[in-house]
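Architecture at a glance
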Amino acid sequence: MFSLVGLTYISSNENKRMHEVFFCLFVAGAVSYFICTCFLFAAAHRNAPPNLILEKSLKYKCYCAVFNVFALLLALYFYYRHNRYCETGVYTLFCFCEYLVVLSNIGFHMTAYLDFGDKEFVFETIKMDVETSMTRKGS
């Protein structure tokens, strides 16, 4: 989360080195999370009864993770070419791949809908009568 905030507030025009550091931290954290989630999700449901929705969720998670790494590697390749050779249009390809990284990250997290689609989150406030609670404490 820290790296994402850093990416948001420090542009590459302001401080290129810090922007690169935040980007690398964000990507390392995201890819690690994707890999761990896919393995743990598969392991947790390995002996469970078949569930088509959870199988679909795992499949989408894995597709998004693989696509994310592929887009990231392409982005790194174009970034290197842009900085090394300063070719026309290569920075545009880098930016396009960067957007693909972001979209695959969003897609990965959208699979939570499949994981929790049939669940409900309920928030309640519990009101307690002050006199009743005081008499209970005093007893």
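Our structure is the block above this text.
Some points on the overall build of the protein
From N to C terminus, the protein includes 6 helices and 0 strands. In sequence order, the secondary structure elements of the protein are arranged as α-α-α-α-α-α. Against the 2.2 N^0.38 benchmark of 14 Å for 139 residues, the protein shows a C-alpha radius of gyration of 23 Å, more extended than a compact globule. Principal-axis analysis of the C-alpha atoms places the extent of the protein at approximately 80 × 45 × 20 Å. Sequence separation of 24 or more characterises 57% of the internal contacts of the protein that already satisfy a separation of 6 or more. As presented, the protein carries roughly 10,900 Å² of accessible surface, and 67% of it is formed by carbon and sulfur atoms. Taking the 12 positively charged and 11 negatively charged side chains of the protein as two groups, their mean positions are separated by 7 Å.

Quick word on the packing of aromatic side chains
Applying the stated criterion across every chain, the model contains 8 aromatic pairs. When the centroid spacing of 5.3 Å and the interplanar angle of 55° are considered together, the rings of Tyr77 and Phe78 count as tilted. The exposure class of Tyr77 is partly exposed, given its relative accessible area of 41%. Clustering of aromatic rings is evident, with ring pairs tying together Tyr33, Phe34 and Phe108. Lying across the ring of Phe41, Lys61 places its NZ or CZ 5.0 Å from the centre. Positioned over the ring face of Phe108 is Lys61, at 5.8 Å from the centre of the ring.

Basis of the calculations
- Throughout, residues of each chain are indexed from 1 in the direction in which the sequence is written.
- The predicted nature of this model means local features are confined to residues of pLDDT at least 70 and side-chain atom pairs, given and counted, to a pLDDT of 80 or more, with totals for whole chains, interfaces and linings taken over all residues.
- Think of the side-chain values as coming from all heavy atoms in the structure, minus any hydrogens and water.
- Helix numbers and strand numbers start at the N terminus; a helix is a DSSP run of H or I with at least 4 residues, a strand a run of E with at least 2.
- All radius of gyration figures rest on C-alpha atoms, and the globule criterion is 2.2 Å times the number of residues raised to 0.38.
- Throughout, a residue-residue contact means that at least one pair of heavy atoms, one from each residue, lies within 4.5 Å.
- Shrake-Rupley sampling with a 1.4 Å probe provides the accessible areas, and residues are treated as covered by the protein chains on show and by no other component.
- Charged residues are defined here as Lys and Arg on the positive side and Asp and Glu on the negative side; His and the ends of the chain fall outside this count.
- A single reference atom marks each charge: NZ on Lys, CZ on Arg, CG on Asp, CD on Glu.
- When the centres of two rings from Phe, Tyr and Trp lie within 6.5 Å, Trp using its six-membered ring, the rings pair. Their planes under 30 degrees apart give stacked, over 60 give edge-to-face, and anything left gives tilted.
- Only protein chains enter the calculation, and the probe is 1.4 Å; a residue is then buried if its accessible area is under 20% of its type maximum, exposed if over 50%, and partly exposed in between.
- Definition used: whenever NZ (Lys) or CZ (Arg) falls within 6 Å of the ring centre and also within 35 degrees of the ring normal, the charge is taken to sit over that ring.

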